[in-house]
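As a plain string of letters, each chain reads:
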Amino acid sequence: VDVVHFNHSPNSASLDMTSPRTTLADTVLLVDDQEWTSRSVESILRPKGFAVLKAYTGRQALDLASKVSPDVIIVDFHLPDLDGIDVVRELRERQILDPVTPLLMMSSTVVGRAERLEALGAGAWEILRHPLDPGELILRMENFVRAKHEADRLRQELMTDPNTGFYNIRGVLRRAKE
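Residues numbered from 1 in each chain as written. Predicted model: local features only at pLDDT ≥ 70, side-chain atom pairs only at ≥ 80, totals over all residues. Heavy atoms only, no water.

## As for the packing of aromatic side chains
Working step 1: Counting across every chain of the model gives one aromatic pair.
Working step 2: Judged by centre distance (5.5 Å) and plane angle (80°), the ring pair of Trp 125 and Phe 144 falls under edge-to-face. Of this pair, Trp 125 sits in the loop between α4 (113–122) and β7 (126–129) while Phe 144 sits in helix α5 (residues 134–156); the two residues are 19 residues apart in sequence, bridging distant segments of the chain. (Phe/Tyr/Trp six-rings, centres within 6.5 Å; stacked < 30°, edge-to-face > 60°. Helix = DSSP H or I, 4+ residues; strand = E, 2+ residues; numbered from the N terminus.)

Structure follows, in C-alpha cells:
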C-alpha cells in the first residue's frame, strides 16, 4: 500500500491502493487537518520516493504511529482535537516512536519564539513554515532519514541489550567465537 488516507472522521480510515510500490520506501507520517496542505506536501515527497501516510487529527496520528514505524513524522501546530506540540510530546513521552525518529512541525502562520522553544522542548527536530521550499524540504528529509537509518543500523549491531545491559544473542555469539 502506497498511501494511507484517514478521513476527517476520527473513527474511519480508508486505503488508497493507487500506484503500489515494488520496494519499501521511506515512510512519512503527515499530520495535518488541511487537505490542501497535505496534498501540497505529499506532491513534493512522493515523486522523490517517500511513501506518505496521512492523519488529520492528533488522535489518529498517535494511533497510526503506534501501528506503523514511520521514518519521519511531520505534525502541524494546529490540529482540530489536540495541539500539535501535545502530539509531539505524547509521541515522545509514551515512547510510541523510536527516540531517533525525526519529528518535524510545520505551520502556515508565524510561530513565536516561545512556541518554537516549546516545540523543540517537546521533541521536535525542526520547525517548517509554509510555503515550503520543495528542494530544501527534500534535502532535509533525506538527511533526517539517513541519520535515522544509520542509528537503526548501529543499534542492530549492538552486542548488549540497551534496556538490561546484558549481552544479546549477537553479543553472546561473538564472545563465544572469541
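## Overview of the environment of Gly 171
Working step 1: Summarising the element assignment, Gly 171 is placed in helix α6 (residues 169–177).
Working step 2: Using a relative accessible area of 0% as the deciding quantity, one classes Gly 171 as buried.
Working step 3: Between the C-alpha atom of Gly 171 and that of Thr 160, which follows or precedes it by eleven residues, the distance is 6.1 Å. (Buried < 20%, exposed > 50% of the residue type's maximum accessible area, 1.4 Å probe, protein only.)

## Side note on the side chain of Asp 71
Working step 1: Its location among the elements puts Asp 71 in the loop between α2 (58–67) and β5 (72–76).
Working step 2: Relative accessible area serves as the criterion here: at 9%, Asp 71 is assigned to the buried category.
Working step 3: Among the polar contacts made by the side chain of Asp 71, one reaches the main-chain amide nitrogen of Thr 27 at a distance of 2.7 Å. (Polar contact = N/O pair within 3.5 Å; in protein donor to acceptor, adjacent residues only side chain to side chain.)

## Focus: the pattern of salt bridges
Working step 1: Counted under the stated rule, the structure contains 15 salt bridges.
Working step 2: A salt bridge links Arg 94 to Glu 90; its shortest N-O distance comes to 2.9 Å.
Working step 3: Look at Glu 90 and you get partly exposed, because its relative accessible area is 28%. (Salt bridge = Lys/Arg side-chain N within 4 Å of Asp/Glu carboxyl O.)

## Considering unusual backbone geometry
Working step 1: Along the chain, His 130 connects to Pro 131 via a cis peptide bond; the corresponding omega equals 0°.
Working step 2: By the secondary structure assignment, Pro 131 is in the loop between β7 and α5.
Working step 3: Even without glycine at this site, Gln 95 takes up a positive phi of about 50°.
Working step 4: By the element assignment, Gln 95 lies in the loop between α3 (84–93) and β6 (103–107).

## So, the nonpolar core
Working step 1: Ranked by internal contacts, the top residues of the largest apolar core, which has 25 residues, are Leu 29, Val 31, Ile 73, Val 75, Val 87 and Leu 91.
Working step 2: Contributing elements (two or more residues each) for this core: β3 (27–31), β4 (51–55), α2, β5, α3, β6 and α4.
Working step 3: Ignoring sequence-local partners within four residues, the contact set of Val 75 consists of Val 31, Gly 84, Val 87, Val 88, Leu 103, Leu 104, Met 105 and Met 106.
Working step 4: Membership of the second largest hydrophobic core comes to 18 residues, among which are Val 28, Met 106, Leu 128 and Leu 137. (Core = buried A, V, L, I, M, F, W, Y, C linked by side-chain atoms within 4.5 Å. Contact = heavy atoms within 4.5 Å.)

## Remarks on the packing of α3 against α4
Working step 1: Close contact between α3 and α4 brings their axes to 8 Å; oriented N to C, the two are set at 20°. Regarding the angle of α3 to α4, the classification is roughly parallel. As α3 runs across α4, the sense of the crossing is left-handed. Taking contact as the criterion, the partners of Ile 85, Val 88, Arg 89 and Arg 92 in α3 are, on α4, Glu 115, Glu 118, Ala 119 and Ala 122.
Working step 2: When its residues are assigned to classes, the contact of α3 with α4 shows four nonpolar, no polar and four charged. (Axes fitted to C-alpha atoms, helices over the stretch in contact; angles between N-to-C directions. Parallel < 35°, antiparallel > 145°, perpendicular 65-115°, else oblique. Left-handed = near helix turned anticlockwise from the far one by under 90°. Nonpolar A, V, L, I, M, F, W, Y, C, P; charged D, E, K, R; others polar.)

## Comments concerning the side chain of Asp 76
Working step 1: Examined against the element boundaries, Asp 76 turns out to sit in strand β5.
Working step 2: Buried and unpaired, Asp 76 has no salt bridge, with Arg 129 as the nearest side chain of opposite charge at 10 Å.
Working step 3: From its side chain, Asp 76 meets the backbone nitrogen of His 78 in a polar contact 3.1 Å long. (Lys, Arg positive; Asp, Glu negative; His and termini not counted.)

## What to know about the packing of α2 against α3
Working step 1: Packing of α2 against α3 brings their axes to within 10 Å, and their N-to-C directions diverge by 25°. Viewed along their axes, α2 and α3 adopt a mutual orientation that is roughly parallel. With respect to the hand of their crossing, α2 and α3 are arranged in right-handed fashion. Contacts between α2 and α3 involve Gly 58, Ala 61, Leu 62 and Ala 65 on the former and, on the latter, Val 87, Glu 90 and Leu 91.
Working step 2: The residue makeup of the contact of α2 with α3, split by class, is five nonpolar, one polar and one charged.

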